[in-house]
Amino acid sequence: LIGAGLSSSAAFETLIGTILSYMYNGGEVNPIEIAKIGQYAENVYFGKPCGLMDQAACAIGGLIKIDFKDPKKPLIKKQMIKFEQFNHSLCIVDTKDVPANLTKEYRAIIEEMRSVAKYFGKEFLREVDEKEFFDHLADVRAAVKNDREILRAIHFFKENARVPQIVEALNNDNFDLFKKLIKESGNSSYKFLQNVYADFDYKHQEVSAGLALSEIVLGDHGVSRVHGGGFAGTIQAFVENDFVPEYKKEIEKLFGEGSCHVLKVRKLGGCKVVEE
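Here is a short report on the structure shown in this document.

Conventions used here
- Residues numbered from 1 in each chain as written.
- Predicted model: local features only at pLDDT ≥ 70, side-chain atom pairs only at ≥ 80, totals over all residues.
- Heavy atoms only, no water.
- Core = buried A, V, L, I, M, F, W, Y, C linked by side-chain atoms within 4.5 Å.
- Buried < 20%, exposed > 50% of the residue type's maximum accessible area, 1.4 Å probe, protein only.
- Helix = DSSP H or I, 4+ residues; strand = E, 2+ residues; numbered from the N terminus.
- Contact = heavy atoms within 4.5 Å.
- Pairing = 2+ DSSP bridges.
- Axes fitted to C-alpha atoms, helices over the stretch in contact; angles between N-to-C directions.
- Phe/Tyr/Trp six-rings, centres within 6.5 Å; stacked < 30°, edge-to-face > 60°.

With respect to the nonpolar core
The tendency in soluble globular proteins is for nonpolar side chains to be buried as a group. With 20 residues, the main nonpolar core has Val 116, Leu 125, Val 128 and Phe 133 as its most contacted residues. Among the elements of the structure, helix H4 (103-119), helix H6 (137-144) and helix H7 (147-171) are those that each provide at least two residues to this core. At 5 residues, the largest contribution of residues to this core is made by H7. Beyond its immediate sequence surroundings of up to four residues, Leu 125 is in contact with Met 113, Val 116, Ala 117, Ala 153, Phe 156 and Phe 157. Core analysis: the next-biggest nonpolar cluster, separate from the first, contains 17 residues, Val 196, Leu 211, Val 239 and Ile 251 among them.

Laid out in structure tokens, this is it:
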């Protein structure tokens, strides 16, 4: 889906990088290098201050865990998990919310988190001790004079702690815990990171409406959360296989026929496909 927060730009960048790799480099260009080139193109030529996550996910494929402590050399580990064994489907719902230029919104997240880090004399929040942050919460709040910065920092600390728990839950075949953590992550995005809708266009909250209806329809049959960078575009839902037709029927009443896409987790990233 184009312009729906589904990493279409990263997928396209990976496609072009992979084609050039096979045409002129014998297919030897490392997927991470292709991801970095894609990010550079998006940052420099398109002007979008995106990170490397979407490009890395598209280039490598499957379920991966990434640590960006060193952005030039991210630590990436592919998780050998067969998602289909959990009897759930990944549904991506296009909320039909065509986003305006959200570059300012994305950039604000980066700038606000760095503002909090700067209070502690650091460049990045990951360099700040979480206990020290909460011990000095009132002082930080008084200094930055922006409560959204505080809330986004809280999301950062809690989300970073949640990621290894999510990976461990999948590796231990504990999908119920995985869903619980995904729901916590989504709620934190909504309340603290505040990337479900753009405040300059509060009358249009298609993603919010989709999450609200999903929670009502799914009940104990799955969980949903905002997908990607947020503010507009799509939501993701992990739905029990047997319940997918019901969820698809109800969510498409709101967003129209064909808006709910049932996807598979592709094991491969950018690769050459040969017809035999």
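Looking at the sheet that holds strand S3 (residues 88-97)
Ordered in space as S4-S5-S3-S6, the 4 strands form an open sheet in which the pairing is antiparallel. The strands lining the two open edges of the sheet, one partner per strand, are strand S4 (222-226) and strand S6 (260-263). Within this sheet the neighbouring strands show an average axis-to-axis angle of 25°, counted without direction. As paired strands, S3 and S6 are joined by 4 bridges and run antiparallel to one another. Bridged to Val 93 within S6 is Cys 260.

Quick word on the packing of aromatic side chains
Each aromatic ring pair is described using two quantities: the centre-to-centre distance and the angle formed by the ring planes. The final tally for this structure, using the stated rule, is 12 aromatic pairs. Ring geometry for Phe 133 and Phe 157: centres 5.0 Å apart, planes at 40°, overall tilted. Here Phe 133 is found in helix H5 (residues 130-135), whereas its partner Phe 157 is found in helix H7, with 24 residues between them in sequence. You'll find Phe 133 and Phe 157 in the same group, each marked buried. Ring centres of Phe 178 and Phe 238 lie 5.2 Å apart, and the angle between their planes is 80°; on these two criteria the pair is classed as edge-to-face. In this pair, Phe 178 sits in helix H8 (residues 175-193) while Phe 238 sits in strand S5 (residues 233-240), placing the two residues 60 residues apart along the sequence. Taken together through their ring pairs, the aromatic side chains of Phe 83, Phe 86, Phe 175, Phe 178 and Phe 238 make up a single cluster.

Regarding the pairing of S5
Regular strands place side chains that alternate from one sheet face to the opposite one. Burial analysis of S5 places 7 of its 8 residues in the buried class, the great majority of the element. Both S3 and S5 contribute to a ladder of 8 bridges, which runs antiparallel. What sits directly across from Cys 91, in S5, is Ala 237. As defined by bridge partners, S4 adjoins S5 across 5 bridges and the pair is classed as antiparallel. In the strand pairing of S5, Gly 222 is matched with Val 239. In this structure, the hairpin formed by S4 and S5 is closed by a connection of 6 residues, where Gly 228 is found at a positive phi of approximately 70°.

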